[in-house]
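The lines below spell out each chain.
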Amino acid sequence: MSPGPVLAILDYGMGNLRSVEKAFEQIGAEPAITTDPETIAAADGLILPGVGAFPRAMSRILEIGLDRSLIEASGRGVPVLGICLGLQLLFERSTEQGGADGIGLLQGNVVEVPAGGRKVPHIGWAAVTWERPSPLTEGLRPGEPFYFVHSFVADPAPDELIGTAAYGGRFACVAGRGNIYGVQFHPEKSSAAGLRLLENFARICMEEKGADSEAVG
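An account of the accompanying structure is given in this report. (Residues numbered from 1 in each chain as written. Predicted model: local features only at pLDDT ≥ 70, side-chain atom pairs only at ≥ 80, totals over all residues. Heavy atoms only, no water.)

### A look at the overall build of the chain
Check the secondary structure of the chain and you find 6 helices and 13 strands. Computed over its C-alpha atoms, the radius of gyration of the chain comes to 16 Å, within 12% of the 17 Å expected for a compact globule of 217 residues. Structurally, the chain occupies a C-alpha span of about 55 × 40 × 30 Å along its principal axes. Taken over 217 residues, the chain has a buried fraction of 54%. Long-range contacts, defined as pairs at least 24 residues apart, comprise 71% of the intrachain contacts of the chain with a sequence gap of at least 6. Accessible surface, the chain: about 9400 Å² in total, of which carbon and sulfur atoms supply 50%. The chain carries 17 positive and 26 negative side-chain charges, and their two centres are separated by 7 Å. (Helix = DSSP H or I, 4+ residues; strand = E, 2+ residues; numbered from the N terminus. Rg over C-alpha atoms; globule rule 2.2 N^0.38 Å. Buried < 20%, exposed > 50% of the residue type's maximum accessible area, 1.4 Å probe, protein only. Contact = heavy atoms within 4.5 Å. Areas by Shrake-Rupley, 256 points an atom, 1.4 Å probe, with all protein chains shown as cover. Lys, Arg positive; Asp, Glu negative; His and termini not counted. Charge placed at Lys NZ, Arg CZ, Asp CG, Glu CD.)

Right, here's the structure in full:
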């Protein structure tokens with residue numbers, strides 16, 4: 001059995017890093033929780049998890065320079081996956097707690113979940129509708145349920161929208177452009193469907209690694 005991709009799980013002190021690491025280990029990837037620029041630069045793929053408030057998260061990311069590492073690696077074509085708050089941080093700006101600028105790898109802002117009077121945060125399972133095909137969602141059936149815990153959602157550009165769910169109103173829960181992907185739900189807590197999505201991301205990383213090797217050769 002060939003080794004899986006080497007994945008850097010970016011650690012800025014906010015997020016359930018170990019559960020994400022264990023999920024990737026389960027599918028045969030080689031994840032490492034890290035802040036080390038050299039480890040990040042050498043990885044086949046980058047994971048930006050996160051739980052908590054957007055402004056504090058961005059402050060920590062800027063403090064340790066993870067924004068530069070993300071931008072540099074993604075610019076070389078390294079696949080990136082944002083999870084929950086990590087998805088939101090990939091966007092340009094959030095309105096949470098007075099607002100803060102994000103990393104800006106995806107277009108659009110982060111706003112409050114359109115709960116329509118329902119209790120916030122939105123916690124629990126919700127069916128996801130795929131708005132367009134993506135290698136990240138290959139093999140996942142329409143209406144597949146995933147597990148959510150969030151109060152804010154991204155509002156992506158139309159050509160970056162991949163999946164939506166509903167809680168009061170509909171909201172974007174999967175977005176992507178090129179080698180940049182993000183999911184609002186927690187795939188590591190979403191049973192077989194979540195593992196399938198992580199397998200898809202690992203495959204994307206291996207395919208990109210193979211393409212790079214051919215280009216060098």
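### With respect to the sheet that holds strand β5 (residues 93–94)
What the 4 strands build is an open sheet, ordered β6-β5-β7-β10; its pairing is mixed. Only two strands of the sheet have a single neighbouring strand rather than two, namely β6 (100–101) and β10 (152–156). (Pairing = 2+ DSSP bridges.)

### A few points about the nonpolar core
Counting residues in hydrophobic clusters, the biggest one holds 39 residues, and the most contacted among them are Phe24, Ile47, Leu81, Leu136, Phe148, Phe185 and Phe201. Here this core gets 8 residues from one element, more than from any other, and that element is helix α6 (residues 191–216). If we skip the residues at most four places from it in the chain, Leu81 touches Phe24, Leu46, Ile47, Leu48, Leu136, Tyr181, Gly182, Leu198 and Phe201. Counting 31 residues, the second largest nonpolar core, distinct from the first, contains Ile40, Ala43, Leu70 and Ala73. (Core = buried A, V, L, I, M, F, W, Y, C linked by side-chain atoms within 4.5 Å.)

### Observations concerning the layout of surface pockets
By volume, the largest pocket amounts to about 180 Å³. Gly52, Cys84, Val149, His150 and Ser151 are, among the 14 residues lining the largest pocket, the residues nearest its centre. At the level of secondary structure, the elements contributing two or more residues to the lining of the largest pocket comprise α5 (85–89) and β9 (144–150). Of the residues in the lining of the largest pocket, the class split is 6 nonpolar, 7 polar and 1 charged. (1 Å grid on protein atoms, 1.4 Å probe; cavity = no way out; pocket = protein on both sides within 12 Å on 5 of 7 lines; lining within 4 Å. Points joined across faces, edges and corners; volume = space filled by probe spheres on them. Nonpolar A, V, L, I, M, F, W, Y, C, P; charged D, E, K, R; others polar.)

The values are spatial; any link to function lies outside them.
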